[in-house]
Amino acid sequence: MSTEKRNFVFDFDSTLTKVEALDVLAEITLANNPQKEEILEGITNITNLGIDGEISFTESLEKRIQVLNAKKADLSILIDELKQKVSPSIERNKEFFERFSEDIYVISAGFKEFIDPIVAEYNIPSERVFANTFEFDENEMIVGFDRENVLSTHNGKIQCLKDLDLKGEIQVIGDGYSDAVTKEAGVADTFFAYTENVIRDKTIASADHITPNLDEFLYVNKLPRNISFPKHRIKILLLENVHPDAFTKLSGDGFSVETVSRSLSEDELIEKLKDVHVLGIRSKTQVTRRVIEAAEKLMVVSAFCIGTKQIDLEAAKENGIVVFNAPYSNTRSVVELAIGEIIMLMRSVFQRSTELHNGQWNKTAQGSKEVRGKKLGIVGYGNIGKQLSVLAEALGMDVYYYDVEDKLALGNATKVNTLKELLNLSDVVTLHIDDNAANKNYIGKEEIAEMKDGAHLVNLSRGFVVDIEALVGALESGKIAGAAVDVYPEEPRKNGEFFTKLKGLNNVILTPHVGGSTEEAQKDIADFVPGKIMAYINSGNTVDAVNFPNIRLPKHDNAHRFLHIHKNVPGVMAKINKVLAKYELNITGQYLSTDEKVGYVITDVDKEYDQDVVAKLKNVDGTIKFRVLY
C-alpha cells in the first residue's frame with residue numbers, strides 16, 4: 001500500500017445511502033396519486049437507464065424532475081427519510097469518516113440540498129460535497145436544476161475530478177457507471193464497485209475491487225473499521241440439504257454461504273474445507289479428527305440436528321473449534337411420530353394396510369387395542385421423553401419412565417428405579433436415550449426377555465442402542481407383538497438402496513430416520529442454529545456450545561474485543577494480561593470460562609491498540625486460536 005496521500009471519493013445515492021434519493025422524493029410527492037405505482041416504476045426505469053449510461057444523465061435528470069412535482073418543503077421530509085436509510089456499514093464505521101474527514105469527498109449527481117445535511121453528520125463539510133442544485137419557481141416548486149454545474153452533464157464526475165486536481169492517490173467508491181468511468185478516463189487510480197445496496201453488472205465489470213460493504217473497503221485499505229474481518233470474507237459451507245432458511249439468514253447477515261445437497265466423504269470434506277470458516281451438517285457427514293486437523297480456518301461446526309456423534313467433539317475442542325447443535329428444535333416432530341407409531345402398533349394398522357395393498361380384506365378386532373389405559377414405558381426422560389409423557393397422558397395412557405439421572409415427573413407420570421422394573425410393567429416401551437457409546441445394545445436379548453409378552457417397542461433414538469438380531473428373534477417368536485424403528489446401527493450417507501434384517505416382518509414399522517424430519521422442525525432448526533453461529537462469529541458468545549466453555553457478553557460499540565482460546569494450563573491468563581498491561585490497554589470487560597481441557601477468554605479494551613499486541617497474544621504459550629472481533 002502506497003504511503004502517499006489518499007483521497008476517498010464517495011458517491012451518495014445507493015452508496016452512502018441505501019436508496020436513490022429522487023426515488024424516495026417521488027414516493028413522498030406521489031403519496032396520494034392514484035397512478036403512484038405506475039409513475040414510480042417509470043422513474044426507477046429512468047434512474048437505472050441514466051446510472052447505466054444508456055441515456056445521458058442530463059436527460060435522465062430532466063425526465064425525473066418533470067414527473068416529481070415536488071416543492072421545497074418536501075425536501076425536509078426527504079432529509080428525515082434519508083437519515084433513516086444510511087447504508088448499514090457506513091453507519092457502523094462513522095469513526096472512519098470522522099478521522100479521515102479531510103481526505104473524504106462526496107461527488108454525486110444528486111443534489112446538495114439533501115446531501116449536505118446527511119453527510120454533515122459524518123463530519124463531511126459542504127465544501128467537500130460536489131453535487132447538483134435545484135432551481136425553484138416563485139411558489140417554491142422544484143422546476144429544474146443548475147445546467148451550468150458540470151455534474152448535471154454526461155460524465156460530469158470526470159470533469160469534476162479534473163477540476164478538483166486532487167494530489168495523491170484517488171479512490172472512487174460508487175455503485176454506478178458514472179463512478180466506474182472515472183477510472184477508465186484516468187482521473188481515478190482505483191474504482192471500488194459498491195454492492196451493499198444494489199448490484200449493477202456493468203459497474204462490476206469495470207471495477208478494480210468489488211466491495212459488498214464499507215468494511216471490505218476499509219479492510220483492503222488497512223483503515224480503522226468497526227469489524228476486524230469483513231463478514232463476506234467468512235465462508236460458510238452447508239451440507240445435506242439444510243433448510244434454505246439457514247442460507248437466507250446467514251447470507252442476509254453478510255456471510256458468504258455455499259450449499260451442497262449431499263454429505264461429503266472424509267477426503268472430499270478435507271478438500272472443501274480449505275477456505276471454510278463455518279461448517280453446517282446434519283447427521284450423515286462425519287467430521288473426524290483428520291478433517292478437523294486439516295481445516296486450518298475452521299472456527300465452527302454446527303449440527304442442524306440433535307445428535308453430535310458424527311463430530312469428533314474432543315478434536316474440535318483441542319483445535320479451538322466450537323460445536324453447536326439443535327437440541328430442542330425437532331422435539332415435537334419426534335414426539336408426534338412416537339405417538340402415531342404407538343397407536344398404529346396397538347391397532348395393528350400396518351398389518352391391515354399391507355393386507356389391503358395386497359388385495360386382502362381382513363376386518364378384525366384381533367390384535368387391535370386402544371392405547372387408553374395401557375402402560376407406556378419411556379426410557380430416557382429428556383426433552384423428548386418429557387413431552388411424549390404429557391401427550392401420552394392426554395391420550396389416557398399410564399406413563400412410567402426410567403432415566404439414569406434424577407428427573408422430576410411431569411403430570412401424573414411415575415418414575416421407576418430400574419430399567420428391569422420398567423420393562424416388566426410396560427405395554428409399550430419407547431426409547432429416547434443419547435448417543436453415548438456405552439449405550440450400545442442397551443436393549444438386547446436379556447432386556448427383551450424382561451418385557452411383557454406381547455409388548456411393543458419403539459426406537460426413535462439411536463440405531464445402535466437395540467440389538468437387531470435379538471429384536472428380530474423376539475418379533476418372529478411373538479415375544480414382542482410389534483416394533484417401530486426409525487434408526488439403524490448403520491445408515492447410508494445418501495438416499496438409495498438399504499437393507500435391514502427387520503425388512504419383511506409384517507409387524508414392524510420401518511422409517512428412514514425421519515423422526516425429526518418435518519418441514520416445521522427443519523425450519524425451526526434453520527432459525528436456531530444460524531442464530532448460534534452468528535452470536536459466536538459476531539460477538540464471541542458460546543452459549544449452548546456442546547464442546548466448549550459457555551460465555552455470553554454484550555457487544556460493546558466503543559471497544560475492541562479479543563477472543564483467546566487456549567489450553568487450560570496454569571499461567572496463561574497471567575501471560576495474556578501481562579501483554580495487555582505492557583501495551584497499556586485498559587480492560588473494560590473480561591470474562592474467562594474453562595473446562596478440563598481449554599480456556600476461553602473474551603477481553604474488551606477501550607482504546608486503539610498497537611498491532612504488536614495481536615502478534616504477542618497469538619504467541620502466548622498454550623494459545624490455540626486468537627482473533628480480533630471488532
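None of these values were measured; they are calculated from a predicted model.

**Q** I would appreciate a short explanation of the overall build of the chain in the present structure.
**A** Scanning the chain for helices and strands turns up 25 helices and 24 strands. The C-alpha atoms of the chain give 32 Å as radius of gyration, which overshoots the globular expectation for 630 residues (25 Å, by more than 25%). Projected onto its principal axes, the C-alpha positions of the chain cover 100 × 70 × 45 Å. The long-range fraction of contacts in the chain, counting pairs at least 24 apart against all pairs at least 6 apart in sequence, stands at 63%.

**Q** Explain the sheet that holds strand β7 (residues 190-194) to me, please; I cannot follow it from the model alone.
**A** Strand-to-strand pairing in sheets goes through backbone hydrogen bonds, with the strands running parallel or antiparallel. Spatial ordering of the open sheet is given by β3-β2-β1-β6-β7-β8, a layout of six strands whose pairing is parallel. Of all strands in the sheet, those with a lone pairing partner are β3 (129-132) and β8 (209-211), marking the two edges. If you compare each strand with its neighbour and ignore which way they point, the axes differ by 20° on average. As judged from the five bridges shared by strand β1 (residues 6-10) and strand β6 (residues 169-174), these two strands associate in the parallel manner. The residue bridging F8 from the neighbouring strand is Q171, located in β6.

**Q** Explain the pairing of strand β9 (residues 235-238) here, please?
**A** Along any regular strand, the residues point their side chains to alternate faces of the sheet. The pairing of β9 with strand β10 (residues 256-259) spans four bridges and is classified as parallel. Residue pairing for β10: L238 is matched across the bridge by T259. In terms of strand pairing, β9 meets strand β11 (residues 278-281) through three bridges, oriented parallel. The residue bridging L238 from the neighbouring strand is G280, located in β11.

**Q** Help me understand unusual backbone geometry, please; the structure alone is not making it clear to me.
**A** Trans peptide bonds make up the majority, and among non-glycine residues the majority have a negative phi. Positive phi, close to 55°, is recorded for K222, a residue that is not glycine. Among the residues examined, K222 registers a relative accessible area of 68% and is labelled exposed. The backbone of E240 shows a phi angle near 65°, a positive value even though the residue is not glycine. Mapped onto the elements of the fold, E240 is located in the loop between β9 and α13 (244-252). For E240, a relative accessible area of 8% puts it in the buried group.

**Q** Is there a simple way to think about the packing of aromatic side chains in this case?
**A** Here a ring pair, both rings aromatic, is described through the centre-centre distance and the interplanar angle of the planes. Summed over the entire model, instances satisfying the criterion amount to 21 aromatic pairs. We note K94 situated over the ring of Y122; from NZ or CZ to the ring centre the distance is 4.9 Å.

**Q** It is not clear to me how the nonpolar core should be interpreted in this structure. Could you clarify?
**A** One broad rule of soluble globular proteins: the nonpolar side chains tend to lie buried together. Counting residues in each nonpolar core, the largest one holds 46 residues, and the members touching the most others are F10, F96, F97, F114 and F217. Examining the composition of this core, we find that five residues originate from one element, helix α2 (residues 21-29), more than from any other.

**Q** Even after reading the chapter, I still don't get the pattern of salt bridges, so can you show me in this structure?
**A** Note that side chains of opposite charge can pair when their charged atoms are close. Within this structure, the stated rule accounts for 41 salt bridges. Where D103 meets K5, a salt bridge forms, and the shortest distance between an N and an O atom there is 2.6 Å. Placement of D103 in the loop between α7 (94-99) and β2 (104-111) and of K5 in the segment before β1 is noted, with a sequence separation of 98 residues between them. K5 sits in the partly exposed class, given a relative accessible area of 40%. The shortest N-O distance in the salt bridge between D253 and K231 comes to 3.0 Å. One end of the pair, D253, is in the loop between α13 and β10; the other, K231, is in the loop between α12 (214-220) and β9, and 22 residues separate them in sequence. On the accessibility criterion, K231 (16% relative accessible area) is buried.

**Q** Where do I start with the sheet that holds strand β12 (residues 300-303) in this structure?
**A** The five strands lie next to each other as β10-β9-β11-β12-β13, forming an open sheet whose pairing is parallel. Both edges of this open sheet fall to β10 and β13 (322-324), since each of them pairs with a single strand only. On average, each strand axis in the sheet is inclined to that of its neighbour by 15°, with strand direction left out of account. Packed on one face of the sheet, helix α23 (residues 519-539) meets β11, β12 and β13 and runs near 165° to β12.

**Q** Please clarify how α23 should be interpreted in this entry.
**A** Owing to its 3.6 residues per turn, the α-helix aligns residues three or four sequence positions apart on the same side. Between the first and last C-alpha of α23 there are 30 Å, a value that for 21 residues agrees with the 30 Å anticipated at 1.5 Å per step. Note on α23: the residue one or two positions beyond its end, G540, has a positive phi of about 90°.

**Q** Quick question: what am I supposed to make of the packing of helix α5 (residues 72-83) against helix α8 (residues 112-120) here?
**A** In a pair of packed helices, the angle between the axes and the distance between the axes together describe the arrangement. With their axes 10 Å apart at the nearest point, α5 and α8 run at an angle of 40° to one another. Overall, the two elements α5 and α8 adopt an arrangement that is oblique. Read as a crossing pair, α5 and α8 show a hand that is right-handed. Of α8, the residues touching α5 (which contributes L75, L78, I79, L82 and K83) are E113, F114, P117 and I118. Partitioned by chemical class, the residues of the contact of α5 with α8 number seven nonpolar, no polar and two charged.

Each value, and the rule that gives it
Residues numbered from 1 in each chain as written. Predicted model: local features only at pLDDT ≥ 70, side-chain atom pairs only at ≥ 80, totals over all residues. Heavy atoms only, no water. Helix = DSSP H or I, 4+ residues; strand = E, 2+ residues; numbered from the N terminus. Rg over C-alpha atoms; globule rule 2.2 N^0.38 Å. Contact = heavy atoms within 4.5 Å. Pairing = 2+ DSSP bridges. Axes fitted to C-alpha atoms, helices over the stretch in contact; angles between N-to-C directions. Buried < 20%, exposed > 50% of the residue type's maximum accessible area, 1.4 Å probe, protein only. Phe/Tyr/Trp six-rings, centres within 6.5 Å; stacked < 30°, edge-to-face > 60°. Lys NZ or Arg CZ within 6 Å of the ring centre and 35° of its normal. Core = buried A, V, L, I, M, F, W, Y, C linked by side-chain atoms within 4.5 Å. Salt bridge = Lys/Arg side-chain N within 4 Å of Asp/Glu carboxyl O. Expected span 1.5 Å × (residues − 1). Parallel < 35°, antiparallel > 145°, perpendicular 65-115°, else oblique. Left-handed = near helix turned anticlockwise from the far one by under 90°. Nonpolar A, V, L, I, M, F, W, Y, C, P; charged D, E, K, R; others polar.

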